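# What the coordinates show
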Amino acid sequence: MKFSRFLPQTQVVFIVAVAVFLKSSGVRSVHSFHYSAVSCRAHGASLTDFGGVGDGKTSNTAAFKAAIDYLSHFGSDGGSVLFVPPGKWLTGSFNLTSHFTLYLHREAVLLATQNEREWKVIEPLPSYGRGRDTVGGRYISLIFGTNLTDVVITGDNGTIDGQGQTWWDKFHKGELQYTRPYLIEILHSHNVEISNLTLVNSPNWNVHPTYCTNVVVRGLTILAPVRSPNTDGINPDSCTNTRIEDCYIVSGDDCVAVKSGWDEYGIAYGMPTKTVFIKRLTCISPTSAVVALGSEMSGGIEDVRAEDITAIHSESGVRIKTSIGRGGYVKDVYVQRMTMKTMRWVFWMTGNYGSHADNRFDPNALPQIHNINYRDMVAENVTMVGRLEGIPGDSFRGICISNVTVKMAKNANLFWNCTNVQGVAIDVVPRPCHALPEVPSARSRGCRFPVESLPSENNVVRTCYFPRKIKNYPAAATPIKAETEH
């Protein structure tokens, strides 16, 4: 593709030309707009400038690649934003770049292609050793990035549709050659924001930041059929400083699952997930957890805080999932102000989860679970308050539950089931199991919730403007040969 360079005095002419082009193409023109993000950009472009066609049938994989390749040149000059205008933009996987924002208009829909030729197969994550669905590689995610600095995926509640039904059918029929793609996966990156979008029908997990630092996920609506397989909402994996807030998730699996690698592979990689803050989350997940820790937690999970959580018709409120052979640890977990309605369990800890990467796991690698704190919760129409199952000879220790009131379902008959756990309870109704002896409230202020702030709370959201400046812009978008998906 050849680009000629504009002189500064022609910038106004170019903007008018783009507006005319958008109008003639049946796409609503957008001259400029404001948006909120952690990072603002100095340069901007539209996908249509690179041959994008938003008819829902024409592949835009090449257009995304061309746009991002071009805009990557502005990384050291204030960064850039790629605007996706109204339309249905069919695309295969594409890679992001540093100092870059992908912005979706509220009437823009990214449609993940169902043409497997557009899904490259990549190596399994080193902390997993294999794909989650199959042994070996995995399909690359729809939106992918690795070794990036300062990357933002945002919009005005635009939509990313994974069109996952075909993938779910193949999973159920055992026809997958490789593990299904995620919707968004960012690896080995620093300063990542994913915000103000609607994600629907992901083939697999929706948002998967892995080996990252300083991650902000906010304002997402994530929707999947409640029986769709493994459509987890947000899964921070071996990350440090992650903030998840103001999200609404309907899922076929866990709404949020904190992870850090699988069995011997996660132990060897040795990268924990640390300092996670989850707040103002609403979740519906009839077959899984609102907030899960594990089951892939072999690198360790520590300092997880969650507050102001609403759970509706979900299997469990908070769940710790692990097993013999996982190794690692889950420690320093604090959850407060959680409201739940129609639940199977409020608290669930599982020491026999199973699901190993292979048969080479170390049976002597026992997980360490300690300092788990839950406080200030109410729930109604609950089948069982707590199912707490540690590992024989490896008890889950330091469990504290305080100021919790649960109204049981009419058919409930066993309120608690506790084995191989140790802890205390303060002002908990119904009365907890013997493994959690009651401490009079007069002698305790309840379970601890830290008052000191986390680094992830210090990220400041700014008001940004598109475009702030246009410089060295392509004189004309050379049309890209497009393929139409039938």
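This text follows the structure it describes.
Being a predicted model, the structure only gives us computed values, none of them experimental.

## What about the overall build of the protein?
When you go through the protein residue by residue, the secondary structure sums to four helices and 30 strands. Taken across its 486 residues, the protein has 58% of its residues classed as buried. In the protein, once contacts between residues fewer than 6 apart in sequence are set aside, the share between residues at least 24 apart is 79%. If you sum the accessible surface of the protein, you get close to 19,200 Å²; carbon and sulfur atoms cover 50% of it.

## What about the sheet that holds strand β17 (residues 207–210)?
Read across the sheet, four strands follow the order β6-β11-β14-β17 without closing on themselves; strand pairing throughout is parallel. Edge positions in the open sheet fall to β6 (94–95) and β17, since each of these has one partner strand only.

## Description of the nonpolar core
Grouped together as the largest cluster of nonpolar side chains are 98 residues, with contacts concentrated most on L96, L102, I143, I160, F347, Y374 and W416. At nine residues, the largest contribution of residues to this core is made by strand β25 (residues 329–350). Discounting residues that sit within four places of it in the chain, L102 has contacts with F64, L82, V84, F94, I143, V152, I153 and T154. Within the second largest apolar cluster, 12 residues are counted, among which are I122, L125, W262 and A357.

## Observations concerning the state of the cysteines
All told, the structure shown has four disulfides when counted by the stated rule. Two residues share a disulfide in this structure: C255 and C283, whose sulfurs sit 2.0 Å from each other. On the sign convention where negative is left-handed, the bridge of C255 and C283, at about 75° about the S-S bond, is right-handed. Of this pair, C255 sits in the loop between β20 (240–250) and β21 (256–258) while C283 sits in strand β22 (residues 273–284), placing them 28 residues apart in sequence. Just as C255 is buried, C283 falls in that class too. The residue that forms a disulfide with C418 is C433, at a sulfur-sulfur distance of 2.0 Å. Note on the C418 and C433 pair: the S-S dihedral is about -85°, so by sign convention the disulfide is left-handed. Highlighted residues: C418 in strand β28 (residues 416–419) and C433 in the loop between β29 (421–429) and β30 (462–466), separated in sequence by 15 residues. In this structure C418 comes out as buried when scored by relative accessible area, which is 18%.

Conventions used here
Residue numbering note: each chain is counted from 1, following its sequence as written. Local features are withheld for residues below a pLDDT of 70 in this predicted model, meaning they are given only at 70 or higher, and side-chain atom pairs are given and counted only at 80 or more; totals for whole chains, interfaces and linings count all residues. Heavy atoms throughout the structure, all of them, feed into the side-chain values; hydrogens and water do not. In this text, helices come from DSSP runs of H or I with a minimum length of four residues, and strands from runs of E with a minimum of two, each type numbered from the N-terminal end. Burial status follows relative accessibility: with a 1.4 Å probe on protein chains alone, a residue under 20% of its type maximum counts as buried, one over 50% as exposed, and anything between as partly exposed. Note on definitions: a residue-residue contact is assigned when non-hydrogen atoms from the two residues lie within 4.5 Å. Note that accessible areas follow from Shrake-Rupley with a 1.4 Å probe, and for residues the cover is restricted to the protein chains shown. Criterion used throughout: strands pair if DSSP finds at least two bridges between them. In this description, a nonpolar core means a group of buried Ala, Val, Leu, Ile, Met, Phe, Trp, Tyr and Cys residues linked to one another through side-chain atoms lying within 4.5 Å. Here, the term disulfide refers to a pair of cysteine sulfur atoms separated by no more than 2.5 Å.

It is worth stressing that arrangement in space is one thing and function is another; only the former is reported here.
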